[in-house]
Each structure stands twice: as structure tokens, then as C-alpha cells.
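# Observations on the three-dimensional arrangement
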Amino acid sequence: MIEVILATIGATLSTVSNIPQVWKVRKLHTTDDFHSHSVVMHLVAALTWAAYGFILELYILGVESAIVSIMYVLILCAIIRDRWWCPKPGV
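The text that follows walks through the structure, step by step, so that each part is easy to find. (Residues numbered from 1 in each chain as written. Predicted model: local features only at pLDDT ≥ 70, side-chain atom pairs only at ≥ 80, totals over all residues. Heavy atoms only, no water.)

## What to know about a nonpolar patch on the surface
Among the surface-exposed residues, Met1, Ile2, Ile5, Leu6, Ile9 and Leu13 lie close enough to one another that they form a single nonpolar patch of about 650 Å² accessible area. With respect to the secondary-structure elements, Leu6 resides in helix 1 (residues 2-16). Overall, Leu6 belongs to the exposed group, its relative accessible area being 54%. (Patch = residues over 30% accessible without salt bridge, like charges linked within 9 Å, V, L, I, M, F, W, Y side chains within 5 Å. Areas by Shrake-Rupley, 256 points an atom, 1.4 Å probe, with all protein chains shown as cover. Salt bridge = Lys/Arg side-chain N within 4 Å of Asp/Glu carboxyl O. Helix = DSSP H or I, 4+ residues; strand = E, 2+ residues; numbered from the N terminus. Buried < 20%, exposed > 50% of the residue type's maximum accessible area, 1.4 Å probe, protein only.)

## Overview of the environment of Ala78
On the secondary structure map, Ala78 appears in helix 4 (residues 59-85). Sequence separation of Ala78 and His29 is 49 residues, and the distance between their C-alpha atoms is 8.5 Å. With residues up to four places along the chain from it excluded, the contact list for Ala78 reads Val25 and Thr31. (Contact = heavy atoms within 4.5 Å.)

Pasting the structure below:
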């Protein structure tokens, strides 16, 4: 039982800690301080942890990592939006 409680607390904190970044990048031109390589590495890491969790039937880890992966995809989309689709005027 303690394992489930600890896993739930860890998964919740890990997921919630990414919400401010996703919230920040919802507006245009707010990704200047994000490094795309770091975001991609975090995305790959989260996808790897999700696969690991589902393969071993550790569903708390799998679901948490999948949610975090989605958040990193949203951040990466915002980076692409700000740098290639809608760059700042004069840059």
C-alpha cells in the first residue's frame, strides 16, 4: 500500500510541475528561454518511461509519463510556432 501512495504522490508532483511551463507557452512569443534540444530530450525520456511503465504493468508510471509526454509535445509545438510559423517581427 505504501508503494501505491508514494507512486501516486511522485506521479502527481511530476505531472503538476510541468503545468506552469505549458501554461506559459500558450501565448505567442513566450518560448525564447526554452531550448528545443532539452525539450526533445525530456520528451524522449518521458516516452521511454511511459513505455517502461506499461511494459512492466506499472500503470501509475506509464500514465504519468504519457501525460508528461503530451505536455512536452505541447511545449515543442509552441517552440515551433514561435520560431518558424510566427516569428517575431524584425527577427
